[in-house]
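Working through the structure, step by step
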Amino acid sequence: MPANTKRSRLTTEGHYADSFEPTNEQEVYDPRKEHLIHEMLTEIGEDPQRQGLKRTPLRVAKAFDFLTSGYAMSAEEIIKAALFEEDVREMVIVRDIEFYSLCEHHMLPFFGHAHVGYLPNGKVVGLSKIARVVDVFARRLQVQERLTSQVANALMDHLGAHGVAVVVEASHTCMMMRGVQKQNSTTVSSAMRGTFESDARTRAEFMGFLGR
Ligand SMILES: Nc1nc2c(ncn2[C@@H]2O[C@H](COP(=O)(O)OP(=O)(O)OP(=O)(O)O)[C@@H](O)[C@H]2O)c(=O)[nH]1
Ligand SMILES: [Zn+2]
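- The chain goes by GTP cyclohydrolase 1 in an unreviewed UniProt entry, where it is assigned to Lamprobacter modestohalophilus.
- What UniProt states about the chain under its Pathway (unreviewed entry) heading is, verbatim, "Cofactor biosynthesis; 7,8-dihydroneopterin triphosphate biosynthesis; 7,8-dihydroneopterin triphosphate from GTP: step 1/1."
- UniProt, in its Catalytic activity (unreviewed entry) section for the chain, records the words "GTP + H2O = 7,8-dihydroneopterin 3'-triphosphate + formate + H(+)".

Concerning the UniProt feature "domain: GTP cyclohydrolase I" (unreviewed entry) in the chain
- Here, UniProt's "domain: GTP cyclohydrolase I" (unreviewed entry) annotation points to residues 35-208.
- Its end C-alpha atoms 51 Å apart, residues 35-208 is made of 41% helix and 28% strand.

Points about the UniProt feature "binding site: Zn(2+)" (unreviewed entry) in the chain
- Here the UniProt-annotated "binding site: Zn(2+)" (unreviewed entry) positions come out as C103, H106 and C174. Across 72 residues in sequence, these annotated residues keep their C-alpha atoms within 7.9 Å of one another, forming a single compact spot.
- The topology assignment puts C103 in strand β4 (residues 92-103).
- Contact partners of C103, with chain neighbours within four places excluded, come to L108, F110, Q142, V143, H172 and C174.
- Topologically, C174 is positioned in helix α6 (residues 173-176).
- Look at C174 and you get partly exposed, because 16 C-beta atoms sit within 10 Å.

Considerations on the nonpolar core
- Membership of the largest hydrophobic core comes to 35 residues, with the highest contact counts inside it found for V133, V151, L155, V164 and V166.
- Taken together, the elements giving at least two residues each to this core come down to α3 (75-80), β4, β5 (109-119), α4 (127-138), α5 (144-159), β8 (163-172) and β9 (187-194).
- Every residue in contact with V151, bar those within four places of it in the chain, is listed here: A114, V116, V133, V134, F137 and V166.

Digging into the domain arrangement of the chain
- Domains assigned within the chain are domain 1 (8-67) and domain 2 (75-209).
- Placing a centre on the C-alpha atoms of domain 1 and another on those of domain 2 gives a separation of 36 Å.

Description of the site of ligand 1
- Close to ligand 1 lie C103, H105, V143, Q144, E145, H172, C174, M175, G179 and V180, which account for all nearby residues.
- Listed by contribution, the elements that provide at least two residues to the shell around ligand 1 are α5 and α6.
- When the residues that make up the shell around ligand 1 are grouped by side-chain class, the tally is 5 nonpolar, 4 polar and 1 charged.

Quick word on the pairing of β4
- The sheet contact formed by β4 and β5 spans 9 bridges and is antiparallel. Looking across to β5, one finds that E98 is bridged to H113.
- The hairpin formed by β4 and β5 contains 5 residues between the paired strands, and M107 there has a positive phi angle of roughly 55°.

The rules behind each value
- Residues numbered from 1 in each chain as written.
- Chains lettered and ligands numbered in written order.
- Predicted model: local features only at pLDDT ≥ 70, side-chain atom pairs only at ≥ 80, totals over all residues.
- UniProt positions renumbered as here; feature names shortened; annotations may be inferred.
- Helix = DSSP H or I, 4+ residues; strand = E, 2+ residues; numbered from the N terminus.
- Contact = placed C-beta atoms within 7 Å.
- Buried ≥ 20, exposed ≤ 12 C-beta atoms within 10 Å, placed from the backbone.
- Core = buried A, V, L, I, M, F, W, Y, C linked by C-beta atoms within 7 Å.
- Domains from an automatic or database assignment.
- Near = placed C-beta within 6 Å.
- Nonpolar A, V, L, I, M, F, W, Y, C, P; charged D, E, K, R; others polar.
- Pairing = 2+ DSSP bridges.

Structure representation (structure tokens):
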């Protein structure tokens with residue numbers, strides 16, 4: 001069969017599927033993923049060979065690798081790479097950390113901001129690492145509540161802090177583009193650990209800094 005020829009085959013389930021046939025010149029990134037995306041394009045009634053879609057399987061494979069790259073990252077390594085001994089006891093807050101994640105039910109994006117606070121106990125962490133930890137857990141298939149608690153747990157476990165607070169505010173495109181189709185609702189989730197959980201004043205101070 002000449003390269004780049006569209007053909008169909010009958011799968012064991014009885015469906016016809018176009019084969020993924022890259023040309024010799026065509027860049028291949030991840031054949032298995034590209035094959036699946038090629039099949040999906042066919043299933044939704046598109047022509048994967050048309051000009052605009054030829055590189056789409058490759059682009060989508062790369063995009064999904066990036067959007068799920070958090071599975072291969074370690075929050076512990078990120079935090080431990082920039083822990084500094086400092087005699088600081090006051091609350092530290094990094095606010096408005098933007099993130100993009102994928103809901104595990106529909107694999108559609110949800111996105112918004114995370115606000116992270118902690119009470120140091122002799123050590124501070126590089127501020128960028130807090131945002132990196134958010135990305136570690138956002139770049140996976142998620143539910144918002146789990147993302148929130150995973151960020152809190154990672155910081156609590158590896159920072160040795162007196163307490164950690166995480167608030168996440170997000171819009172879910174699976175509630176906007178489809179399904180219930182509500183454009184303006186946002187979801188707020190929180191995870192309080194250590195002093196933030198046990199002491200209402202500490203929690204209130206944190207919420208006050210967030211303007212809530
Ligand atoms: N708790 C929680 N629910 C989520 C999150 N992302 C999506 N969902 C919800 O997951 C649920 C899945 O419900 P199902 O009834 O199984 O799926 P569905 O038929 O597509 O539901 P609809 O979205 O209502 O059309 C929906 O209510 C979504 O809104 C999340 O981060 N946290
Ligand atoms: Zn969803």
